Amino acid sequence: MSGFADFWAGRDLWREPMIAGVLAGGILGYIGVFVVLKRMVFVSAALSEIAGVGVAFAFWLGAVMGIDPHAHGTIPLLLEPTWFSLVFACLAAALFSLRPGHRKLAPETIVGLGYIIASALVLAILNSPRIAQEAHAVGDILFGNAVTVPRKQIEALFAATVVAVVAHAVFFKELLFVSYDPETAVVQGVGVFRYELLLNLATAVVISVATRAVGALPVFAFSVIPAAAALMITDRIGVTIALAVIFGVVSAALGYYVSWVEQLPTGATMVVVASVFLLPGLVKIVRRSSV
Amino acid sequence: MERAVIGYRTPLLPPIDLTVRANSTLGVLGPNGAGKTALLKALLGLLPLLGGRRVLPLGRTPRVGYVPQRDRLDMSWPLSVLDVVLMGRAPLVGPMKRYGSRDRDAARAAMQEIGIGDLADRPLYALSGGQHQKVLIARAIAAEPELLVLDEPTSAMDPAAERVLLDLVARLKSAHNLSVVLVTHQLTAIPGFADEVALIDRERGLFEVGPAEQMLDPEKLGRLYGRVVRFAKVGDKIAILIGDGAPR
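Bear in mind that the values here come from a model prediction, so they are computed numbers and not experimental data.

*Asks:* Mind laying out the overall build of chain A, listing which residues take part and the relevant values?
*Replies:* When helices and strands are counted, chain A shows 15 helices and zero strands. Expressed as a percentage of the 291 residues in chain A, the buried residues total 48%. Sequence-distant contacts, at least 24 apart, represent 78% of the contacts inside chain A between residues at least 6 apart.

*Asks:* Go over the packing of helix α2 (residues 11-37) of chain A against helix α10 (residues 192-214) of chain A with me, naming the residues and quoting the values.
*Replies:* Helix-helix packing: each pair is described by the crossing angle between the helix axes and the interaxial distance. Residues and elements named next belong to chain A. Contact pair α2 / α10: the axes reach a minimum separation of 10 Å and the direction vectors enclose 150°. One element, α2, and the other, α10, form an angle in the roughly antiparallel class. As for the relative orientation of α2 and α10, their crossing is left-handed in sense. Mapping the contact onto sequence places Ala 20, Gly 21, Ala 24, Ile 27, Leu 28, Ile 31, Phe 34 and Val 35 in α2 and Leu 199, Thr 203, Val 206, Ala 210, Ala 213 and Val 214 in α10. Broken down by class, the residue content of the contact of α2 with α10 amounts to 12 nonpolar, two polar and no charged.

*Asks:* So what's going on with the pairing of strand β9 (residues 229-234) of chain B? Which residues, and what values?
*Replies:* Residues and elements named next belong to chain B. The pairing of β9 with strand β10 (residues 237-242) spans six bridges and is antiparallel. Each bridged residue has a counterpart across the sheet, and for Val 229 the counterpart in β10 is Ile 242. Taken together, β9 and the strand that follows it, β10, pair antiparallel across an intervening segment of two residues, in which Gly 235 is found at a positive phi of about 60°.

*Asks:* Kindly report on helix α13 (residues 237-262) of chain A, identifying the contributing residues and their values.
*Replies:* The α-helix winds at 3.6 residues per turn, so residues separated by three or four positions along the chain end up facing the same way. Compared with the 38 Å implied by 1.5 Å per residue over 26 residues, the 36 Å span of α13(A) between its first and last C-alpha is a close match. Where α13(A) ends, the next residue or the one after it, A:Gln263, has phi of about 55°, a positive value.

*Asks:* Could you give an account of the confidence of the model for chain A, with specific residues and numbers?
*Replies:* With 88% of its residues at a pLDDT of 70 or more, chain A has an overall mean of 87. Element-level pLDDT for chain A is lowest in helix α6 (residues 135-143) of chain A, with a mean of 61, against a maximum mean of 97 in helix α12 (residues 225-233) of chain A.

*Asks:* Quick rundown of helix α5 (residues 107-126) of chain A? Include the residues and the values.
*Replies:* Residue and element names in this part refer to chain A. The first and last C-alpha atoms of α5 sit 29 Å apart over 20 residues, in line with the 28 Å expected at 1.5 Å per residue. For α5, the complete set of buried residues consists of Val 111, Gly 114, Ala 118, Val 122, Ile 125 and Leu 126. Mapping the buried residues of α5 onto a view down its axis gives an arc of 90°, with all of them on the same face. Among the exposed residues of α5, those oriented more than 90 degrees off its buried face are Ile 116, Ala 120 and Ala 124.

How each quantity is defined
Residues numbered from 1 in each chain as written. Chains lettered and ligands numbered in written order. Predicted model: local features only at pLDDT ≥ 70, side-chain atom pairs only at ≥ 80, totals over all residues. Helix = DSSP H or I, 4+ residues; strand = E, 2+ residues; numbered from the N terminus. Buried ≥ 20, exposed ≤ 12 C-beta atoms within 10 Å, placed from the backbone. Contact = placed C-beta atoms within 7 Å. Axes fitted to C-alpha atoms, helices over the stretch in contact; angles between N-to-C directions. Parallel < 35°, antiparallel > 145°, perpendicular 65-115°, else oblique. Left-handed = near helix turned anticlockwise from the far one by under 90°. Nonpolar A, V, L, I, M, F, W, Y, C, P; charged D, E, K, R; others polar. Pairing = 2+ DSSP bridges. Expected span 1.5 Å × (residues − 1). pLDDT = per-residue confidence, 0-100. Arc of directions from axis to C-beta.

Here you go:
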């Protein structure tokens, strides 16, 4: 059987992870335009890790209380890891919106500290003797694997996508203004904190849900690479957004297909395919610098 | 501002009185690090006063057209000139609404008035420094302001470009009945432009405000900049000469 025929025959197996990947690629491609332009690439990585702390914390709490949070159908709603991951990511997003800084520490340093501390916390909690025996399962729930995605996570990702799209569609002009020139926006009475918070919360919701669905690496990559690739080849904001969404969707779909046919790790293959979209921009840069 | 105490945690200056009069131009002059930005933020209500009060004669905050320092903006954003000028309309349109044809017309009219009507579709990165400055002024005018505030608009400009820009602002002021506040560290920007001048330097605890002809005094400016300042009349203009030594 040819590669494609084999792939098509297995569609019942890949339909749901493919939908999750395409949704994540599209919405993160869009959000990535703001992430890259606002020079907050590290924020998406930090949010992903901090959402992970929420999941790990839910497991730790469950272990302390003698409840298994990934025992389907038996966990109390309050111990549901998705809620913990959302709450932790949203709290971090709110904190980042306050533009925390210090005379000697740039806001980027604070975000970096959030990333480092969150990564360490996840490791520490996962290796706690109380939940060590479940660490592998927790790792999958934490960072997804892009190969199998439960229907519940697709629904959560769809809901997160709708929330982010609606927020951006309704407040696009304000989000663009406060992102490009917060100083003038605040002087002209456009509430900068309010819209920064909305932008960061929408980003946090999508990142925390997408990380659990398709994994940390593709999420970080989709929130940077498609936008960066689009920005290198166009000067129009509308075209940039359209291209970033297309690059994200195609990277996810094509990446999944290639990983299936070539038996490669799914998340990493999606990232490699996304990177191909950087080539036209890189060629443009090389041409310009050789003039 | 009445008996206003300005500062972030501690006062930068003794309490000050400062008025921006309708249809007049206030120049705020001081060396780098003098506290001009803090004064401007306090005036605009962005920095809470540590003491005293801010009085709004209209009973509300006036509509402000703001021209920020150009070098604080990122030219790499994939925005056209029209995209940027339209941002000035955002407060007028209000949240949850898109820009309409009225806003586009107002933005184009502002660009036409500033002399950049043909640049509407040009990407930001392709603008010269002077063109970019005009785009920011067009955005401020598109906001239909009552008060136009310019923060160091002529820094990094040659003297001829500086004069062209100030003439443009003066023209806009009379065309739109604007009150104007110009913050600058450049001595050359103020004479012939401002009706009133505030001299500020927090290092020396200095704040003085008054009519331009009174404040543009070689002795006062000498104290402000720590250099000998001399005025020379050239035709009907005044040339300002800054000497090497400290004033006595």
